[in-house]
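Inside the fold
What follows is each chain in one-letter form.
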Amino acid sequence: MQLTYSLIAKRKAFVLQKSPNGNKAICIDSENAKALLRFLNKDERHKKKFRYISELILRDIRNTELYDKENINKRSKQVTAMKFFKGQENARIYCKEQRIDNQLYVIVCCELLESKKSQANNKTIRTIIDKISNYEYEIEE
């Protein structure tokens, strides 16, 4: 008998905001919610930037300066990053895009990196992206 192990990590997330037509949602990873929400509520400019990026995503407006895929390998094609204040603290919220029941398309805010110091994705960032690529979410509304 051969045992096989799944690399998929089952996690929970909750809906923060839905698109006007209800087919897309921004969610927060339940395990990392405290750190993510603390960052977003840090001050008014963090809240405003997050609201702005979320609105662009939910309205299907592409702006790669603020939100883009993090293609480092084949597994990571569903991992994206919200980019906060480039040229300043250069924070990132790494996200996982996933379709739920072939209907709802979710963008789950997974991991916070408060300051990205280099233009390239270093080993720490690659580790975060690899880890997120193995997440599969159950969404709680």
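Look above for the structure.
Throughout what follows, the structure given in this document is the object of discussion. Nothing here was measured: the structure is a model prediction, and the numbers come from that model.

Looking now at the pattern of salt bridges. Pairing of side chains with opposite charge becomes possible as their charged atoms draw close. Under the criterion given, the structure shown has 14 salt bridges. Here Glu89 makes a salt bridge to Arg45, at a shortest N to O gap of 3.1 Å. Taken together, the positions of Glu89 in the loop between strand S4 (79-84) and strand S5 (91-100) and Arg45 in helix H2 (residues 44-58) put the pair 44 residues apart, joining distant regions of the chain. According to the relative accessible area criterion, Glu89 is partly exposed, its value standing at 24%. Here Lys86 makes a salt bridge to Glu65, at a shortest N to O gap of 3.3 Å. Here the residue Lys86 occupies a position in the loop between S4 and S5, and Glu65 occupies one in the loop between H2 and strand S3 (67-69), the gap between them amounting to 21 residues. Of the residues examined, Glu65 reaches a relative accessible area of 48% and is grouped as partly exposed. A single network of salt bridges, built from pairs that share partners, joins Arg11, Asp29 and Glu31.

This part covers the pairing of strand S2 (residues 24-29). With respect to burial, S2 is a largely interior element, 6 of its 6 residues being buried. Covered by surrounding structure in S2 are Lys24, Ile26 and Ile28 together with Ala25, Cys27 and Asp29, the residues of both alternating faces. Pairing of strand S1 (residues 9-18) with S2 involves 5 bridges; the strand directions are antiparallel. Bridging across to S2, Ala13 finds its partner in Asp29. A loop of 5 residues connects S1 with S2, the two strands running antiparallel in sequence, and Gly22 in this loop sits at a positive phi of about 80°. Bridge analysis of S2 against strand S6 (residues 104-113) gives 5 bridges, and the strand direction is parallel. Across the sheet, Lys24 pairs through a bridge with Tyr105, a residue of S6.

Conventions adopted
- Residue indices begin from 1 for each chain and proceed along its sequence in written order.
- Given that the model is predicted, a residue must reach a pLDDT of at least 70 before its local features are reported, and side-chain atom pairs must reach 80 or more before they are shown or counted; all residues, however, enter totals for whole chains, interfaces and linings.
- Values reported for side chains reflect all heavy atoms of the structure, with hydrogen atoms and water molecules removed beforehand.
- One speaks of a salt bridge when a side-chain nitrogen belonging to Lys or Arg is within 4 Å of a carboxyl oxygen belonging to Asp or Glu.
- Helix and strand assignments follow DSSP, with helices taken as H or I runs no shorter than four residues and strands as E runs no shorter than two, numbered in order from the N terminus.
- Relative accessible area decides the class of each residue, using a 1.4 Å probe on protein chains only: under 20% of the type maximum gives buried, over 50% gives exposed, and in between gives partly exposed.
- Strands are labelled as partners when DSSP assigns at least two bridges between them.

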